[in-house]
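Here are the chains, one letter per residue:
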Amino acid sequence: MRTLRNISDVQKLIDSHDAIVFLGGAGVSTESGIPDFRGSDGINNKEFPYPAEHYLSHNFFMNRPKAFFEFYQSEILHPDAEPNQCHSYLSELENANKLNAVITQNIDGLHQKAGSKNVLELHGSVHDNYCVRCGKAFSLKEYIDSYPELRCDACGGLIKPDVVLYGEMLPQDVLQKAVEAIEHSDLLIVGGTSLNVAPASELYTFASGKTLLMNKTKTSKDIYFDFAYYGKIAETCDELTI
Ligand code: NAD
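Residues numbered from 1 in each chain as written. Predicted model: local features only at pLDDT ≥ 70, side-chain atom pairs only at ≥ 80, totals over all residues. Heavy atoms only, no water.

Draft legend 1. Region of the structure containing the overall build of the protein chain. A tally of regular secondary structure across the protein chain gives 9 helices and 10 strands. For 242 residues, the compact-globule formula gives about 18 Å, and the C-alpha radius of gyration of the protein chain, at 18 Å, lands near that figure. Dimensions of the protein chain, computed from the C-alpha atoms along their principal axes, are close to 55 × 35 × 30 Å. Counting only residues that meet the buried cut, the protein chain has 50% of its 242 residues in that class. (Helix = DSSP H or I, 4+ residues; strand = E, 2+ residues; numbered from the N terminus. Rg over C-alpha atoms; globule rule 2.2 N^0.38 Å. Buried < 20%, exposed > 50% of the residue type's maximum accessible area, 1.4 Å probe, protein only.)

So, in structure tokens, the structure goes:
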């Protein structure tokens, strides 16, 4: 792995590839005001009676939907967050036919809000909600407004965010598309992720082209990348051109 010290080296790498795929995590949205999990200001560093993973688990949702919603709304939902320069830059790269896909572990919908079209959401989206009984779809606002009942107006079933909770499977079709996109990329950029959450943390192994890690801090997997550039990703993207 070679650490890139100058932004011009990142620029050269991007300029010389045109089948780029970006795989991102919570760090992509911290500069939009959404905390990550494992960063210094992350949710995992906050004091709750139980670890965040407990509240965000399938069992907790099924057994205590109201308490789940209260945690989810106070810690996970940021309906007013706006895309930052990283989201915008990736959208511009796609428009310029240089980027084939954004694969994200994030559930905040900010890539789409920035204009990205081919977004593969490995962990679902807060904007998709559905009745577990009849399947009726609800917007985020409708889910929020259904509190405290949190029930479907058609059949009375529980409304569930279509996000992957701890103890649930990832959508396999999305995972398969992510693998294919990475296999066909000439440059895989992995950014804003601690590379701790499987299977997203292992997807870089499918890359046959170059790989670049862009993160604020080192991860345990940096050595497996061709290049690394350290810094805040939105600030970095703000310095890059198409
Ligand atoms: P993580 O919290 O485990 O790690 C975040 C990583 O991003 C850390 O390595 C941190 O140093 C880095 N980082 C933080 N701010 C950064 C910045 N401005 N620029 C560059 N790097 C930055 O996140 P993860 O690996 O994505 O795993 C957490 C899980 O939690 C994921 O499944 C994700 O779905 C979920 N999550 C999502 C959101 C969201 O949708 N925005 C927010 C929090 C957690």
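This is not the end of the story, as more comes after the structure.
Draft legend 2. Here's a closer look at the site of the ligand. Surrounding the ligand, one finds 27 residues, the nearest of these being Glu-31, Arg-38, Gln-105, Thr-193 and Ser-194. Residue Arg-38 places a side-chain N or O atom 2.6 Å away from an oxygen atom belonging to the ligand. Here Ile-107 contributes a backbone N or O atom positioned 2.8 Å from an oxygen atom of the ligand. In terms of residue class, the shell around the ligand is made up of 8 nonpolar, 13 polar and 6 charged. (Near = heavy atom within 4 Å. Polar contact = N/O pair within 3.5 Å; in protein donor to acceptor, adjacent residues only side chain to side chain. Nonpolar A, V, L, I, M, F, W, Y, C, P; charged D, E, K, R; others polar.)

Draft legend 3. Representation of the packing of aromatic side chains. In the structure shown here, the tally under the stated rule is 12 aromatic pairs. In textbook terms, an aromatic cluster arises when at least three aromatic residues are bridged by ring pairs, as seen for Phe-61, Phe-68, Phe-69, Tyr-72, Tyr-143 and Tyr-147. Sitting above the plane of the Phe-61 ring, Lys-160 keeps its charged end 5.8 Å from the centroid. (Phe/Tyr/Trp six-rings, centres within 6.5 Å; stacked < 30°, edge-to-face > 60°. Lys NZ or Arg CZ within 6 Å of the ring centre and 35° of its normal.)

Draft legend 4. Highlighting the side chain of Asn-84. Along the chain, the position of Asn-84 falls in the loop between helix 4 (65-76) and helix 5 (85-95). Among the polar contacts listed, one links the side chain of Asn-84 to the backbone oxygen of Val-28, at a separation of 2.8 Å. Polar side-chain contacts of Asn-84 include one of 3.1 Å to the side chain of Ser-32. Each residue touching Asn-84, except ones within four places of it in the same chain, is listed here: Val-28, Ser-29, Glu-31, Ser-32 and Ala-234. (Contact = heavy atoms within 4.5 Å.)

Draft legend 5. Spotlight on helix 8 (residues 172-183). Along its 12 residues, helix 8 runs 16 Å from first to last C-alpha, staying within 8% of the 16 Å computed at 1.5 Å per residue. Along helix 8, the residues that are buried comprise Val-174, Leu-175, Ala-178, Val-179, Ala-181 and Ile-182. Down the axis of helix 8, the buried side of the element spans an arc of 165°, and every buried residue falls inside it. Those residues of helix 8 that are buried are in contact with strand 2 (20-24), strand 3 (99-104), strand 4 (119-121) and strand 8 (187-191). (Expected span 1.5 Å × (residues − 1). Arc of directions from axis to C-beta.)

Draft legend 6. Broad picture of the sheet that holds strand 2. Pairing in this open sheet of 7 strands is parallel, and the strands run 1-10-9-8-2-3-4 from one edge to the other. Of all the strands in the sheet, the pair left with one neighbour each is strand 1 (2-3) and strand 4. Pairing of strand 2 with strand 8, which is carried by 5 bridges, proceeds in the parallel orientation. Within the sheet, the bridge partner assigned to Phe-22 lies in strand 8 and is Ile-189. Each of strand 2, strand 3, strand 4 and strand 8 is contacted by helix 8, which is oriented at about 135° to strand 4, the strand it contacts most. (Pairing = 2+ DSSP bridges. Axes fitted to C-alpha atoms, helices over the stretch in contact; angles between N-to-C directions.)

Draft legend 7. Spotlight on the nonpolar core. Within the largest apolar cluster, 25 residues are counted, with the highest numbers of intra-cluster contacts made by Leu-56, Phe-61, Phe-68, Phe-71, Tyr-72, Val-126 and Tyr-143. At the level of secondary structure, the elements contributing two or more residues to this core comprise helix 2 (52-55), helix 3 (58-63), helix 4, strand 5 (124-131), helix 7 (140-145) and strand 7 (159-163). No other element matches helix 4, which puts 6 residues into this core. Those residues in contact with Val-126 that sit more than four places away from it in its chain are Tyr-72, Leu-77, Ile-107, Asp-108, Leu-140 and Val-163. (Core = buried A, V, L, I, M, F, W, Y, C linked by side-chain atoms within 4.5 Å.)

Draft legend 8. Region of the structure containing the sheet that holds strand 7. With respect to topology, 3 strands assemble into an open sheet ordered 6-5-7, the strand pairing being antiparallel. Looking at the sheet topology across the chains shown, the edges are occupied by strand 6 (137-138) and strand 7. Where strand 5 lies against strand 6, 2 bridges are found, and the strand directions are antiparallel. In the sheet register, Asn-129 faces strand 6, and the bridge partner there is Phe-138.

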